[in-house]
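Observations on the model geometry
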Amino acid sequence: MAAKGSRTIYACQNCGYQSRKWLGKCPDCGAWNSFTEERERVAPKESAGIARSGLKLRETKPVSFTSIEAQDDVREVTGIEEFDRVLGGGIVPGSLILIGGEPGIGKSTLLTEVANKLSLLFGSVLYVSGEESERQIKLRGDRLGINPAGLYLLSETSLERIFDEINKLQPQAIIIDSVQTIFSEKLESAPGSVSQVREVAGQFLLLAKNLTVPVFLIGHVTKEGMIAGPKALEHIVDTVLYFEGERHHNHRILRAAKNRFGAANELGIFEMTGRGLIGVPNPSELFLSERPLGASGSAVVAAIEGTRPMLVEIQALVSSSKFGTGRRTTQGVEINRVALLVAMLEKRVGFHLSGDDIFVNLVGGISLDEPAVDLGIVAAVTSSFRNIPINEHTIVFGEVGLAGEVRATSHAAVRLREAARMGFKRVVMPQNNLSGLPEDDRLEIIGVRSVIDALDTLF
Ligand code: TYD
Ligand code: MG
């Protein structure tokens, strides 16, 4: 029986969809077995000016549009370049920023470093941890070589208690590690459930806007997506950053999935070292550092993520399948895109690939969904299929259409500049991108109209 003033609902722990009945499959996000029972308390009326969690809010009134000062220039720059870049040039005061990632990827490490910088620049910063004790956080700080006087640690999971401390301390920035561990005493559901996580995020949104301080929420994502988290919060927060990477590789990629104050898809690249995260200002160098020269199945593509050019190696392996029909396996590129490009190669170029297993990997644990990598995939697959290596000084880019045509892409000049900077000599790129390109005598530029043209040039 539900307690008085509350009712039982079932919520999808993946996306937050709510239903009065238990469902086996979520009609919204399609997840199976993701519904759990939660109690939703009907919130009692409260006096105006006091948020549910006890924060004293300043009164709001309508303001005339013309009297508002634009504040695009007031971003707080942390000095952690890769982090500032992903946020669109710095932190916008009053914004609520969610940082999602799998456990152990380095979220607490990154935010400890951010907290350190912010406290040195702007005064007191509160780091709330629901997972670790103050001493554990201090140990991490020792490892990072930081000891900031303005950084306050609070090991607490009650939202109401945290808000009390915020009222007392009046910090200039707040970090919550992690949103899944914090719970409001006003709700009956367990910490980490969709209702709790949303309530916590909602209250911090109110707080961020009201005190005009940035609030960072750390959120865990599991591969199964079973813990309520980032997905259920994406529409509440201003900015969503995902921290990605493979645990066995040292580099980490911070990606903006949503940003109300900047470009989405911007990337920051870090390396995890024994003394914390170090920014990687030159990702092309990192991604090409272990490239095998003279091996078939390897192509280098000039890609753009956000506003940033990067050269990435694509590796393909085509081998005959034991089972008659070939499988397609990809890492870092969309599997459907590869299937489509392979079908195009069969139909337009005449390859027989249906009996082959095809593996396509982006080297370095990065993933790209940019159309300009198409020509790189086609080149790598063909190189492996024919067992002919691509010239090591050649780089490719271009979108490939279903008719086998090579289509123009954006930012051609930026890609070329990066290719030249990294010492490449020859570029195979869309013919339609050639007009108006700046002269660059370091590069031999070959425009192609079709995949057949491109393959003739490459092999
Ligand atoms: P952590 O930030 O605790 O991950 P998360 O908060 O995302 O769960 O860091 C995880 C890993 O990083 C851990 O295995 C230890 C490692 N690490 C380093 O390699 N160097 C460092 O300087 C620190 C602080 C951590
Ligand atoms: Mg952590």
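Note that the structure is predicted; figures quoted are calculated from it, not measured.

**Some details on the overall build of the chain**
If you tally the helices and strands in the chain, you get eleven helices and 21 strands. When its C-alpha atoms are laid out on the principal axes, the chain stretches across 75 × 50 × 50 Å. Taking as baseline every contact in the chain between residues at least 6 positions apart, the subset at least 24 positions apart corresponds to 67%.

**A short note on the site of ligand 1**
Looking at ligand 1, there are 16 residues lining it, with Gly104, Ser108, Thr109, Thr273 and Gly276 nearest. Gly104 places a polar main-chain atom, nitrogen or oxygen, 2.7 Å from an oxygen atom of ligand 1. For ligand 1, an oxygen atom lies 2.6 Å from a polar atom in the side chain of Ser108. Protein coverage of the free-state accessible area of ligand 1, which is 560 Å², stands at 76%. Elements with a minimum of two residues in the shell around ligand 1: helix 2 (107–122), helix 3 (134–144) and strand 11 (267–273). A breakdown of the residues in the shell around ligand 1 according to their chemical character gives four nonpolar, seven polar and five charged.

**A look at the domain arrangement of the chain**
Its domain assignment divides the chain into domain 1 (1–42), domain 2 (52–57 + 74–281) and domain 3 (286–458). Averaged C-alpha coordinates put domain 1 and domain 2 at centres separated by 27 Å.

**Re the packing of aromatic side chains**
Enumeration over the complete set of coordinates arrives at five aromatic pairs. Relative to Phe35, the ring of Tyr17 lies with its centre 6.4 Å away and its plane at 85°, an arrangement referred to as edge-to-face. Of this pair, Tyr17 sits in the loop between strand 1 (6–12) and strand 2 (18–19) while Phe35 sits in strand 3 (residues 35–41), and the two are 18 residues apart along the sequence. Accessibility expressed as a relative area gives 31% for Tyr17, which makes it partly exposed. Accessibility expressed as a relative area gives 5% for Phe35, which makes it buried.

**Details of the pattern of salt bridges**
For the coordinates displayed, the defined rule picks out 15 salt bridges. Among the ionic pairs, Glu132 bridges to Arg140, the shortest N-O distance being 2.8 Å. Residue class for Arg140 comes out buried when judged on its relative accessible area of 18%. Its salt-bridge partner being Arg255, residue Glu244 comes within 3.6 Å of it at the nearest N-O pair.

**Observations regarding the pairing of strand 16 (residues 356–362)**
Counting buried positions along strand 16 yields five of seven residues, so the element is predominantly enclosed. Alignment of strand 14 (residues 308–320) against strand 16, held across seven bridges, turns out to be antiparallel. Within the sheet, the bridge partner assigned to Ile314 lies in strand 16 and is Leu362. As judged from the four bridges shared by strand 15 (residues 328–331) and strand 16, these two strands associate in the parallel manner. Note that in strand 16 the partner of Thr330 across the bridge is Val360. The handedness of the strand 15 to strand 16 crossover, carried by helix 8 (residues 335–349), is left-handed.

Conventions used here
Each chain carries its own residue numbering, running from 1 in the direction its sequence is written. Both sets of labels track the order of writing: A upward for chains, 1 upward for ligands. Note on the predicted model: pLDDT of at least 70 is required for a residue's local features to be given, and 80 or more for side-chain atom pairs to be given and counted; whole-chain, interface and lining totals, by contrast, use all residues. Each side-chain value is derived from all of the structure's non-hydrogen atoms; neither hydrogens nor water enter the calculation. Each helix corresponds to a stretch of at least 4 residues labelled H or I by DSSP, and each strand to a stretch of at least 2 residues labelled E; elements are numbered beginning at the N terminus. The contact criterion used throughout is that any non-hydrogen atoms of two residues lie within 4.5 Å. By convention in these notes, a residue is near a molecule or strand provided one of its non-hydrogen atoms lies within 4 Å of it. Here a polar contact is taken to be a pair of N or O atoms separated by no more than 3.5 Å, where protein atoms must pair a possible hydrogen donor with a possible acceptor and residues adjacent in sequence count only if both atoms sit in side chains. Under the convention used here, a 1.4 Å probe and the Shrake-Rupley method define accessible areas, while residue burial counts only the protein chains that appear. Three classes are used, and their members are as follows: Ala, Val, Leu, Ile, Met, Phe, Trp, Tyr, Cys and Pro are nonpolar, Asp, Glu, Lys and Arg are charged, and the others, Gly among them, are polar. The split into domains, and so the bounds of each, comes from an automatic or database assignment of domains. Each aromatic pair joins two rings of Phe, Tyr and Trp (for Trp, the six-membered one) with centres within 6.5 Å, and gets the label stacked for planes under 30 degrees apart, edge-to-face for over 60, and tilted for any other angle. Exposure categories follow from relative accessible area, calculated using a 1.4 Å probe and restricted to protein chains: below 20% of the type maximum is buried, above 50% is exposed, and the middle band is partly exposed. Each salt bridge in this description consists of a side-chain nitrogen of Lys or Arg and a carboxyl oxygen of Asp or Glu lying within 4 Å of one another. Note: two strands are recorded as paired if DSSP finds a minimum of 2 bridges between them. A crossover counts as right-handed when, viewed with the strands pointing away from the observer, the path leading from the first strand over the helix to the second turns clockwise.

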